[in-house]
Amino acid sequence: MQSQPYKLNFRTGAAIVIANMVGTGVFTSLGFQLLGIQSGFALLMLWVVGGLIALCGAVCYGELAAALPRSGGEYHYLSQIYHPALGFLSGWVSATVGFAAPTALAALALGRYAQSVWPALATPLLAGSNFSGASALAVSVVLVLALVHGRSARAGSRMQVFVTAIKVAVLVAFIVVGLVAAHPQPLAFGPSVAGWRALASPTFAVSLVYVSYAYSGWNAAAYLTGEIEQPQRNLSRILLSGTAVVLLLYVGLNFVFLYSTPLGWLKGQLEVGFISANYLFGPAWGRFAGALIAALLVSTISAMVFAGPRIVQVMGEDLPALRWLAVRTPTGIPRRALLLQVAITLVFILKPDFQAVLVYAGFVLNLFTFLTVLGVFVLRWQQPGLPRPYRAWGYPFTPLIFLALSAWTLVFIIKDKPVESLYGLATVASGLAVYFLAQKARPAPRSKPAA
């Protein structure tokens, strides 16, 4: 008898959202933000504003997911609201940038944290190459997790809940112990003239890219709508609860980093979590904390490997030229789509430019989430009678807040980071070319016999 596809419950869905979000960004981006902002108030407000954007987005996605219940996230929503071409572009970006690039960044960060603890991992494995032990570790973790998720959805989801619970517990413990053990740094966190001025600066807007990237994943459960138990009831709860938990963790973690560690130690550095732990607890405990952070990133990589292929699989259902990617195992696993995402992820790992990829990924992801949230207004205008089991709380203010802050960020990215923005737009253009080639490959419709 054929096995029934495994359905994800509320707990697994929330774990996927939290694990997708809490990863590379919160452990790496503060060092880049400190290059342009020195106000403790402005730096914490970055994470508050980023969380507000994510919460408003989660509210809006909850309405779209309840009204248009199918896996695929932005791909499905934009195809239904605007045009299949725009949906395909978002799916193309999600497959190449939205999941593969963040998965690679999380794996690279894991390798860098592990290298901080075990310096021998920095040694190149091949003479004259940059492929080190840390790179090999990053590749190995991705492949092992792909093997787990490719074999069993039930085993993969249970593993996801377990590693995410450990991650949240460790981060809460780090925040509490850090606050107790810290020697406060001379940095003011209260509002000030300089702090408010920093909030209105282009540097703050560009820094929101790093923060938005850290919060990316708040919409992860939307890609799995068709695999969630009672999605019209559970999905909005999953998105909101997962995002709220992460907002509290992010503000707490960054407060501890800034409160406990001299800014000079953190400025421009990638491994801010390791550096802060090393300063707080000494070299031995700092190495232990660095190893823990590396281990926690396994949860992030796992969640992205789990969710990402579902977009490609749904695209394969709709486009005959990509039909081979729609194939599922008897238990519902899109194994071919999973292998494609892993292959793209490995390309990013083997050709890394961490900061450039981070900005580039943040730009294109912001662009499509902007269009998706705008779709809440468009869909209400186009189909006012469409059943909406869940309506966006605070409408129209919540989507307007999201759109205003996202547009502000996008404009400043284009001005301040034109090269990364052009790479992002080139990725979109390449997706458009693939879409039209796929349309040409569509078989011609059969003519109807004469009456």
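Residues numbered from 1 in each chain as written. Predicted model: local features only at pLDDT ≥ 70, side-chain atom pairs only at ≥ 80, totals over all residues. Heavy atoms only, no water.

Draft legend 1. Focus on the nonpolar core. Among the nonpolar cores identified, the biggest contains 108 residues, and Tyr215, Tyr250 and Ile301 are the most heavily contacted of them. Ranked by residues supplied to this core, first place goes to helix α4 (residues 40-67) with 16 residues. Among the nonpolar cores identified, the runner-up in size contains 15 residues, and Ala85, Phe88, Val312 and Tyr435 belong to it. (Core = buried A, V, L, I, M, F, W, Y, C linked by side-chain atoms within 4.5 Å. Buried < 20%, exposed > 50% of the residue type's maximum accessible area, 1.4 Å probe, protein only. Helix = DSSP H or I, 4+ residues; strand = E, 2+ residues; numbered from the N terminus.)

Draft legend 2. Geometry of unusual backbone geometry. With omega at 5°, the peptide bond leading from Tyr395 into Pro396 counts as cis. Checked against the element boundaries, Pro396 lands in the loop between α17 (354-382) and α18 (397-416).

Draft legend 3. Looking closely at the packing of helix α10 (residues 202-215) against α18. Closest axis-to-axis distance for the α10/α18 pair is 8 Å, and the angle between their directions is 100°. Viewed along their axes, α10 and α18 adopt a mutual orientation that is roughly perpendicular. In this structure, α10 uses Pro202, Phe204, Ala205, Val206, Leu208 and Val209 to contact α18, whose residues at the interface are Trp408, Thr409, Phe412, Ile413 and Asp416. Across the contact of α10 with α18, the residue classes break down as 9 nonpolar, 1 polar and 1 charged. (Axes fitted to C-alpha atoms, helices over the stretch in contact; angles between N-to-C directions. Parallel < 35°, antiparallel > 145°, perpendicular 65-115°, else oblique. Contact = heavy atoms within 4.5 Å. Nonpolar A, V, L, I, M, F, W, Y, C, P; charged D, E, K, R; others polar.)

Draft legend 4. Local environment of the packing of aromatic side chains. On inspection of all chains with the given rule, the structure shows 12 aromatic pairs. Taking the centre distance of 5.3 Å and the plane angle of 80° together, the rings of Trp47 and Tyr250 count as edge-to-face. Of this pair, Trp47 sits in helix α4 while Tyr250 sits in helix α11 (residues 231-260); the two residues are 203 residues apart in sequence, bridging distant segments of the chain. Of the two residues examined, Trp47 and Tyr250, each falls in the buried class. Site record: aromatic cluster; members linked through ring pairs are Trp47, Tyr215 and Tyr250. Over the face of the ring belonging to Tyr395 we find Arg380, whose NZ or CZ atom lies 3.6 Å from the ring centre. (Phe/Tyr/Trp six-rings, centres within 6.5 Å; stacked < 30°, edge-to-face > 60°. Lys NZ or Arg CZ within 6 Å of the ring centre and 35° of its normal.)

Draft legend 5. Broad picture of the confidence of the model for the chain. Of the residues in the chain, 88% reach a pLDDT of 70 or more, and the chain-wide mean stands at 80. Within the model, pLDDT remains below 50 along residues 445-451, and this stretch shows 0 contacts once partners closer than five positions in the same chain are excluded. (pLDDT = per-residue confidence, 0-100.)

Draft legend 6. Focus on helix α7 (residues 133-151). Given a rise of 1.5 Å per residue, 19 residues ought to cover 27 Å, and the 27 Å separating the end C-alpha atoms of α7 matches this to within 8%. Every buried residue belonging to α7 is among Gly133, Ala134, Ser135, Ala136, Ala138, Val139, Val141, Val142, Leu145, Ala146, His149 and Gly150, and all of these are buried. The distance from a side-chain oxygen at the start of α7 to the backbone nitrogen of Ala134 is 3.3 Å, and the residue carrying that oxygen is Ser132. (Expected span 1.5 Å × (residues − 1). Polar contact = N/O pair within 3.5 Å; in protein donor to acceptor, adjacent residues only side chain to side chain.)

Draft legend 7. Structural view of the pattern of salt bridges. On inspection of all chains with the given rule, the structure shows 2 salt bridges. Between Arg380 and Glu63 there is a salt bridge; the shortest N-O distance is 2.7 Å. Here the residue Arg380 occupies a position in helix α17, and Glu63 occupies one in helix α4, the gap between them amounting to 317 residues. You'll find Arg380 and Glu63 in the same group, each marked buried. With a shortest N-O distance of 3.4 Å, Glu63 and Arg388 are connected by a salt bridge. With Glu63 in helix α4 and Arg388 in the loop between α17 and α18, the pair connects residues that are 325 residues apart, well separated along the chain. The same class applies to Glu63 as to Arg388, namely buried. Within the structure, one salt-bridge network assembled from shared partners comprises Glu63, Arg380 and Arg388. (Salt bridge = Lys/Arg side-chain N within 4 Å of Asp/Glu carboxyl O.)

Draft legend 8. Up close: α10. End to end, α10 covers 20 Å across 14 residues, agreeing with the expected 20 Å (1.5 Å per residue, within 8%). Of all 14 residues in α10, 12 are buried, a share of seventy percent or more. Those residues of α10 not exposed but buried are Phe204, Ala205, Val206, Ser207, Leu208, Val209, Tyr210, Val211, Ser212, Tyr213, Ala214 and Tyr215.

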